[in-house]
Every structure is written in structure tokens, then in C-alpha cells.
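Structural features, examined
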Amino acid sequence: MKLLFPLMAIVLEASMIILFGFFVKYETEQNAIQPLNNTNTTKVDRSLELHPLFQDVHVMIFVGIGFLMTFLKKYGFSSVGINLLIAALGLQWGTFIQGIVHHHGQTIYIGIKNMINADFSTATVLISFGAVLGKISPAQMLIMTIIEITVFAGNEYVVGEIFKASDIGASMTIHAFGAYFGLAVAGVLYRPGLRWGHEKEESVYHSDLFAMIGTLFLWIFWPSFNSAIAETTEQQYTAIVNTYFSLVACVLTAYAFSSFVGKRGKLDMVHIQNATLAGGVAVGTCADMEIHPYGAMIIGGIAGIVSVLGFKFLTPCLTEKLRIHDTCGVHNLHGLPGVIGGLASIVAIVLGASKGSSMVMQAAALGSSIGTAIVGGLITGLILRFIVRVQPSTEFFFDDSVYWEVPTGKEVDDE
Amino acid sequence: MKLLFPLMAIVLEASMIILFGFFVKYETEQNAIQPLNNTNTTKVDRSLELHPLFQDVHVMIFVGIGFLMTFLKKYGFSSVGINLLIAALGLQWGTFIQGIVHHHGQTIYIGIKNMINADFSTATVLISFGAVLGKISPAQMLIMTIIEITVFAGNEYVVGEIFKASDIGASMTIHAFGAYFGLAVAGVLYRPGLRWGHEKEESVYHSDLFAMIGTLFLWIFWPSFNSAIAETTEQQYTAIVNTYFSLVACVLTAYAFSSFVGKRGKLDMVHIQNATLAGGVAVGTCADMEIHPYGAMIIGGIAGIVSVLGFKFLTPCLTEKLRIHDTCGVHNLHGLPGVIGGLASIVAIVLGASKGSSMVMQAAALGSSIGTAIVGGLITGLILRFIVRVQPSTEFFFDDSVYWEVPTGKEVDDE
Amino acid sequence: MKLLFPLMAIVLEASMIILFGFFVKYETEQNAIQPLNNTNTTKVDRSLELHPLFQDVHVMIFVGIGFLMTFLKKYGFSSVGINLLIAALGLQWGTFIQGIVHHHGQTIYIGIKNMINADFSTATVLISFGAVLGKISPAQMLIMTIIEITVFAGNEYVVGEIFKASDIGASMTIHAFGAYFGLAVAGVLYRPGLRWGHEKEESVYHSDLFAMIGTLFLWIFWPSFNSAIAETTEQQYTAIVNTYFSLVACVLTAYAFSSFVGKRGKLDMVHIQNATLAGGVAVGTCADMEIHPYGAMIIGGIAGIVSVLGFKFLTPCLTEKLRIHDTCGVHNLHGLPGVIGGLASIVAIVLGASKGSSMVMQAAALGSSIGTAIVGGLITGLILRFIVRVQPSTEFFFDDSVYWEVPTGKEVDDE
């Protein structure tokens, strides 16, 4: 049993190396047959132009999402550590499976854009990880990473290539998908001990500050996330500006409503860590549309409000009524704002903000993303519950010491 | 009373959305009347070239300044959280008011450069926030943000457009202005309980490490701050090199003098967190002048020394004699080094390092920045003291629990 | 004695200013004699293209390495603070000495590339600092910085200009060199009290999380480190892709083997903080060679395994048998993976992955880097042991309070 995790990791890595040996080449090799390689040079130059955006997204995946989840007092090692592990696996598998799906099984020529897309596929798993954080083993997460990214790549293909829907910032294909996939898994893996709150499921002062490191890097680089795969510089510019203004508006409404619903007007760190980011999610789908800065601010403002209300009223309800326990509240940060994003794109199309997209196809994309996610999540949950049965027992939920050597020293010595 | 803050935040955000609806458009719309849009493409391309610099500055505002202020043991949530809140408001109001001032009330076409300038206007408020940290309520900070950015934009217009003074890294218009504005507010809001030190006004080991996150990101990206709005690539290059060498020299002298004035030669974290950055402030005004690397190092070296001496001898004196309590010591990091920056530019002009600027106008710019800041700060302080009277009582200074739900768990459980 | 450190720092900084006054100019001044300055414009433009890469490397040096070393419970101030101090000195001395060596004593014209190379020279000292962390005084570190960078520049010149060896990511000239230099110094400064473990040489929960900030920023930006000084865009592209895939593979094998060698399959934070980065080191030398993504993954995978095994079995052995105590385990993160990097480049040349390099010269470069490092480190150690005799006594090893005013408050007040 002790060997399950290391063996799985080694076998997965060996498989990746073999798959990459057969299928993955440098993009500089693509036209190597042709006599002139000036097309190569151009391609590499275009690739390198994306490098700063790639690095921004990379910071979001590893520092942003990783530290955002460190809010639990005894689960920081796993939050930031298992985040790194599954991201590293996801980047490899995502590169492969996205390449296979988009190029129909032919050789994959790697550019920086593939690396950004692999980061995106990984983000989806990390969002789902937030829903099951503290309740699942690293070995189970490896399995979930492989399955979820495969389903994600299929849905992304359907949304982008068949429906030809717009989703530049991936509100639907990443955020809503990741949230509902994770919630479905969490529902299957539910344990009664979660219902009235688990004693280890709480933060301490400094764990909340560590989580703010994650929040801030996500907040800062979100414009890069929503604009990284834009095809023209005008779209990229529009996506940056819209995301920026959606985020700033979202912060104001999130603070206002956190205080409004709080006891004696007090702010809640959970809202500030998460709901301030909902504007980035919700503006994603129409980030490259001409919704005007004030339109982006309206979307962001609404997302901030909905997200706070979700944390306050919906999350407890989900746990108690539907037996779905959502550790990080991904439904409020990614689920609801992702749905808002899809709906906003429909409104934007009605109002004439986008020429290339169709209302029906946007609706189909939203339906496909949520539907595929729920079905995929349920199946994954069943696999983890009945086949890869290495979940920790409920008393060791939210506890690093099951999987890590944890130092026993106190923060401050009394000498 | 509990509703004051959320209502203010909502009303402010609604006002921003309305103002943006009337006044703010994409820069791609600027020449939409003209048949050819190749000028648009060029403009957007120039805008996107600034994107990496914008992101660097953005990291400084949110992570840099936010975490720099987390050194207090019980005020980390407010430091990093209220920093985010007022920055989000400031970015919107700064975009609007700077646009109105510079374009005389006409439509504002948003580019990345506007976003950088909005970050700059926000930095000014955040510097002042450092002077009143722990002694002022979030609702008061919202008011102060609106007033201060308005006054800032006015002074910036006078310095840049009327005096035509050089201040690329904004030693005078941001740093000195922000510091003296904040000190004036702090003076008006002074309470006798601050005189001999407040029991909560201290750090713990890990809060000092969190603050170093802020210091380091500020230090690393300062060359981007000082060069972001350069007009030519040569000026940008010069500003990067000068800032870099000023900062490295400043570190050495700050360490030397921290040890020199310390008990038994010990270093003081307050000096290291702050005085190591004074070189970035002091070289700001002449960052794009041909002061040579060694000239930049002399400026940085002096700034490091002055800043440490300010913390050691001047700050206690300000509190006890002038009844001005400066929580973060912004006078030592931004005030004095900002003045050094203005004076250095005058010396540089005398020595022929700059062709385009005049000694008299630099002196006028320095005087205008400090004078406007003090008058604006005094008025703001009076408004906060007598009109928006929602300051916490002295015993709850430097205490998150007034405005936040604070977790009660200990860092380490004894099981 | 109390005055030794501040006087050294002031004298060093004054010397730097004098040296820069005589030898260092802007690169825009280089062709100022020529009538047309369009070559200047081009040079500055090329310089600014490197700016984002420079910033990435800069984050690695100050936040990455600085926080990676904060894992010790009572040595965080020194780790991140002395890191900043010696980096600031190293950047100045490295700029000067690298310029002198490469340009044979003529005027040095500063561009962003010089600043990247200065960061590299500094990285070498910071690696060595990891080996002696907690056992050496700031004054001694200033001396070590000056000596080590001088020796480093000499070896770098021999490897690059005389052997004409390939080492784009500097596995040999930075990582192996820095590790063996530091180990040699640590060997000379050994104290018997280190043999069976020092009571202060341990982490607490939050210090391990601070260290993960360092790990993640190093991990994220390593592709920039390995590609920053590439001469063509194709090489830069190849170095980015290879480093990225080496790192992801390394994470999987490091986790697998950490669990494999751990008690009851538990992961060890020391391995995760360090061994996940070994892939970046090991792929450095052949990062720009056509080793294919799967080749990079094999190198990274091996490095992750070797690094974990090194921490588990070799480090205790080095301390007990060879009397070399390696605080951060730099031998496992930089030493062994650096050697793997050199050997991998020889294998890559045998397999035809590189045209420009020769097996013999790569072997000579590896030998020269290790040999020079050991000799240089031994001499430096002897100087520190017998001439600059300001080492702390063993009981104050790994203790900030010798050099810093440390706050006495507890993390959580019990009120």
C-alpha cells in the first residue's frame, strides 16, 4: 500500500516519456524538410512573443492556485505540494492529449502556445482539486488528473471546433467545467463527518496570509490569463482591458457584500481571498468582445456580489442538503462566475458586442461544459470510491500528517 | 453604522461605472471614423509592448506594497486586504481623473499606459496609507483615496504640463507627495495613546518575514517602475540601469548603517524592509538623465544612509515632538528619499546630465509637490476627523479584529 | 568588533563606486564618437528585449533563493536578508570583474545582458551560501562574495573562451561550481557540534511554507534562467522547452522517490523544496541542444531521483564521514545535478544533438569547474577560518538573534 503512490508516479512518468518520444517534437522541426527555414524563424519569434504571457499564467498555476489553497491550518504542505505534483503531471498529459485531439493523432510540434494550453488544462484539474481538498489522497489525485484532462480536452474540442463558440478566457471550458467536475467528485466521495464542520477545517492567522499570496498573484495576472491565446493583438488588448476593469469592480462589490452579510459588518477572509477574483472568471468568455470598460465593470461587479452570497448562503446549503462538501468554495469562485460568464456572452451577442459568435452556440457550449463535467466527475468519483480506494479516513481529513513528515516544533520557542 | 462601509463601496462603484459609461472608451475606438485602421494596429502594438512593464508595476502595487505593510503582528489582514481595496478603487478613479485632467474633460481612450498611470496614482495613496496604517477605518480610506488622487492628479498636471519638470520615476510627484500627504493626515488624526508606543504596534517573527515578500518584489521591479513611462527606448534603458545600480548601492549602506546604529551591531528588520528601497525612490527623478552608473550609486548610497538615520532618530522625534505618528515610517522610505530625488535632479542639471530640464522648474516641482501634499493632507485629515468620524478607538488601533473575522486557532496545536 | 561589519560594507561600497566611476559606462556611450547613432538604438532595443528575462532571473535570485533558505525555524531573517545583502554586493562586483575579464581591462559598457550575467555570478555565491547557511557571519560572507565571484569569473572565462564549451544553463559553471566551492568552505569551517544534528537546525510548519515560495518561483522561472543568454531565438526557444519538460518530469520522480524512501511512504518537505528543482539544473548544459522533449524528460527524471537519494543517504554520510556539513543540501540540488548536466552534454554530443561542441572540451569544462571550485573554496575557507575570524560560536549557529534584533512576541496572543 505504501508503494502504490510512488509506483503510480513512476509508471505515469515513464509512460509520458514514451508517449513524448513517439509523438512530440520541437516546432522548429516542423518544416525541416523544406529547403528554406525562414518560416521556422518566424514561428519561433511568434512563440517567444508569448513567453511573458506564458510566465504570467505559469505563476498563476503554481503560486496563485497553490497558495490560495494554503488557508487551512494543517493542510498547507498538501495544498501547495500536491498542487505542484498534479500540475507537473497535468502539463505533460495536457500537452499530449490536447495535441492528439486537435491534430487527430499526428505528431505534435511544441510551441509556447501549447505550453499555455497545457497550463489551462491543468488549471481545470486544480479547480476541481479545490472542491476535494483535504479529503482525497495524492494517488487518487494522479488518477483524477489523467481522467479529467482527457474529458476536458474532449469538451474543449467540441466547444471550440464543433460549436465554434467564443470562450477566450475559458469561463465555461475551464472554470465552470472544473468547478462542476470537482463538485461531482466531491458528492460521490462525501462522508457524513463533513456535515457539521470538521475540527481541522479551519484557518489560523498566518495561513490566511499565505492564502493572500495566492489571491494577489491570481488577481494581478488574470488579464494575461484571459488574453494569452488571443489571435490578434486587438483581441489581446481588449481582453486585457476588460479583465482589468472587471476585476477592480469586483473587488469593491465583494468587500461591500462581505461586510454587508458579516456579523457587525466584519469582513470575512474567505470572501476576500476568493470573491475578489470572481470578476476575472465571469468576464472570461466575453473578454475579447467589445463590451466596453463599463460593461466589464458591470459583469465584475455582479460576479463579486454573487460569489460572496454563494459563500454565505449556498455553500452551507450544498453540504447540508445535497451532501456536496466544497472545501475551497470553488462553486462560488469558478462555478457560478463561470455560468455568469457564459450568460454574459449571450447577452453581449444580443447587444451586438461580438460579430463572430452565435447565441445558440454559446448556450450549447455552456450546456456541454457543465453537462460533460458533471457526468465526467460522477464517473471519476465512482472510480475513486470503488476502484482506487485509497481515501484517508474522515478523522485524517484536512491533515498533512497522513502524507507528509510534519515538523513538530512550535513557531516560537519559549526559552 | 454597520452599513456605512458597504453602502459607500457600492455607491462609489456604481458611480465609477456611470462615469466610465460616459467618458471611457477603448483606444481602438479612437480613430474608428477614419477609413484605414492601420494606425489602430500600431497603437495597440505599442500598448502591448508596455504590458510586461505594467505587470511588473502591478505586482509592486498589490504584492509589494501590500505585503510590506504586513509587519504588524495583528494587522496583516488589513494591511494586505485594505491595500487591495483602495488600490482597486484608486485604479478606477485614477484612470478617470487623470484622463479628465490631461484631456480637458473629453473622452478618455484607454491604453496600457493609462493603466500604468492609474497604478502610479494608486501608489501615492498607498504610501499615505502607510503613515496612517492601523489608525483609520476602511470607510475613511475610501474617502481619502478619492480626495488624494484628485489632488495628486492636479499636482502632477502642474509639475508635468505647466512646469515641464522632469520626474520620470516620480520621486517628487508620487513619493514625496504621498509621504507628506500621509504625514499631514496622521498629524490631524493623532491620539495621545500613540506617544509612548502602542502595545499592538509591534511585529512577530513571521510577520517580519511576510513583510520581506513585499520588500523583495518592490526591490526587484523598481527598475520597471522608474522606466515604465519613458518616451524613448534610450531613456527607458537609462532609467533601468540607473535604478538598478542605485538600489544595489543602497542595500550596502542601509545594512552598514543599520548595524552601525544598532545595539551591539545588530541589524534591524525595519531598516532592511524599508531603507533598502530608498535608492529606488531617490534616483527616480533623474533616472533617465545621464548621471552615469556611479552617480546612481552615490544617490542610492546616500538614500540608504539617510533612510536608516531617519528611522532611528527622526521618526521617534516626529511622534514625540510634532505629534505626527508614522506607522510604516513612510517619511524615511518615501519622504526624505523623495526630497533627495528632487535635489539630486537639480545637481544633475547643474552638472549637465540633462538637456531638457531646468533647475528652477525642478525646484518649483519639488515645492509644489510637498506644498500641495501638506495642504491637501491637512484638509483631508480635518474631513476625516470631523465629518467622516469613523476612526477606531485608540485601544483598537493596529488590530484586525475590529474589521475582520479573525480566526482564533493557534498556529500550532498541542495535541 | 561591532564596527567590523559596517566598516567593511561601507569600504566595499565606496570601492565599487570608485571602480564604476573609472570603468563602467552606459552602452549608449559606446559609439558616441561615430556620427550616426542608429547602431545605438538597435543595441538598446536588443537590450530591452532581454528585460523580461532579466526580471525573471532577478526574481529567482532574490525571492527564489532567498525564500528557499527560510526553512530554518530561527534563521529566516538571515536567510532572506543576508541573501539580499550579498546579492547586492555580488551584482556590483560581478558586473565589474566579468567586464574586466571579458574585455581585458577596458571600459565596460553596461547592457541588460551584463546585468543578467551579474545575476548569474551572484547565483553562484548564493548556492555556496546554502552550504554554510547558519554557520558563518555576514562579514565573512562579504569576503567570500568577493573571492568567489572572482574565481567564478576566471573559470567561466576558461570554460567559455578557451575551452569554448557549451553551458547555456550553467550546470557546470554556476551549479556544480557553486556547490563544490561551498562544500569546500563548509569543510574547512566544520565544527564537531554539527555531527549529530544541531538543536536549532530544524524547520517549523510555517517556515517550510515560506521556503515553498522560494521553490515555486525558482521552478516557474527556471526556463528563463536557462535561456536568458541564448544567442539565437531558436536556441532560446529550445532552451525554454527543454527546461520546462525536464522540470515537470523531475517533479514526478522526486515525489515518487521521496515517498519511496520515507517512513510509511510519507513525503519529506526537504525533498519537495529542493529535488523538484534538480531537473532545471541538470538540463542546463544541454538546454539549447536538440535533445528532444523526451530527452529532457529523461534527464529531469534522473535528476529528481538522484537528488532525493542524495538527501536521504549522501548528506548524512558527508557530515559524519567527511566532516562536511551542508545546511541546505546544495550538493543534492546543485552539485550532483550539475555533474549530471555536464555528463548529459557529453552523451548528447555523442548522440549528435549538438554540432558546435566537443566531448573533450565539455569534460574539460566539468573538470575545470569542479577543480577550481574546490581549490578556491578551500583557500577561501582557510582565509575565513584563520584571518577573518568572526564566525559565531557553535551554540549560536542557525540563530538570527546573533545578528538581528528579533521580536520576542508570540505568533498568537492568548488574551
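What comes next concerns the included structure.

Conventions and cut-offs
- Residues numbered from 1 in each chain as written.
- Chains lettered and ligands numbered in written order.
- Predicted model: local features only at pLDDT ≥ 70, side-chain atom pairs only at ≥ 80, totals over all residues.
- Heavy atoms only, no water.
- Least-squares fit on C-alpha atoms with pLDDT ≥ 70 in both.
- Contact = heavy atoms within 4.5 Å.
- Helix = DSSP H or I, 4+ residues; strand = E, 2+ residues; numbered from the N terminus.
- Buried < 20%, exposed > 50% of the residue type's maximum accessible area, 1.4 Å probe, protein only.
- Buried area = accessible area lost by both parts, 1.4 Å probe.
- Salt bridge = Lys/Arg side-chain N within 4 Å of Asp/Glu carboxyl O.
- Polar contact = N/O pair within 3.5 Å; in protein donor to acceptor, adjacent residues only side chain to side chain.
- Nonpolar A, V, L, I, M, F, W, Y, C, P; charged D, E, K, R; others polar.
- Axes fitted to C-alpha atoms, helices over the stretch in contact; angles between N-to-C directions.
- Left-handed = near helix turned anticlockwise from the far one by under 90°.

**Considering the relation of the copies chain B and chain C**
For these two chains of identical sequence, chain B goes onto chain C by a turn of 120° and a shift of 0.0 Å along the axis, with RMSD 0.0 Å. On this basis, the relationship between the two copies can be described by a three-fold rotation axis. A distinct binding surface is used by each copy, with only 17% of the interface residues of chain B retained as interface residues in chain C.

**Quick word on the environment of V44 of chain C**
Here V44 of chain C shows up in helix α2 (residues 38-49). Put simply, V44 of chain C and G187 of chain C are 143 residues apart on the chain and 45 Å apart in space, counted from C-alpha to C-alpha. Discounting residues that sit within four places of it in the chain, V44 of chain C has contacts with T233, E234 and Y237 of chain B together with E27 and T28 of chain C.

**Re unusual backbone geometry**
All names here are of chain B. For F398, which is not glycine, the phi dihedral falls at a positive 55°. With respect to the helices, strands and loops of the structure, F398 is situated in the segment after α14 (359-386). Judged by its relative accessible area of 0%, F398 is buried.

**Thoughts on the interface of chain B and chain C**
Listed per partner, the contact involves 59 residues of chain B and 73 residues of chain C. Buried surface at the junction of chain B and chain C, summed over both partners, amounts to about 6000 Å²; 73% is from carbon and sulfur atoms. Scanning the region where chain B abuts chain C turns up zero salt bridges. Taken together, the links from chain B to chain C amount to 18 residue pairs in polar contact (both at pLDDT 80 or more). Of all the elements in the fold, those that place two or more residues in the side of chain B that touches chain C are α3 (51-68), α8 (205-227), α9 (233-261), α10 (269-274) and α12 (292-322) of chain B. Of the residues forming the side of chain B that touches chain C, the biggest block, 20 residues, is contributed by α9 of chain B. Tallied by class, residues from the side of chain B that touches chain C come to 34 nonpolar, 14 polar and eleven charged.

**Describing the interface of chain B and chain A**
Contacts between the two partners involve 72 residues from chain B, matched on the other side by 59 residues from chain A. Both faces considered, chain B and chain A share a buried interface measuring about 6000 Å² in area, 73% of it formed by carbon and sulfur atoms. On inspection of chain B and its partner chain A, the count reaches zero salt bridges. The interface formed by chain B and chain A contains 18 residue pairs in polar contact (both at pLDDT 80 or more). Breaking the side of chain B that touches chain A down by element, the ones donating at least two residues are α1 (4-23), β1 (24-26), α2 (38-49), α3, α4 (76-103), α5 (112-132) and α8 of chain B. Residue contributions to the side of chain B that touches chain A peak at twelve residues, all from α4 of chain B. Residue classes in the side of chain B that touches chain A are distributed as 40 nonpolar, 18 polar and 14 charged.

**Some remarks on the packing of helix α9 (residues 233-261) of chain C against helix α12 (residues 292-322) of chain C**
Residue and element names in this part refer to chain C. With their axes 6 Å apart at the nearest point, α9 and α12 run at an angle of 35° to one another. Judged by the sense of rotation from one axis to the other, the crossing of α9 with α12 is right-handed. Its residues assigned to classes, the contact of α9 with α12 shows 15 nonpolar, eight polar and one charged.

These results come straight from atomic positions and should not be treated as a statement about function.
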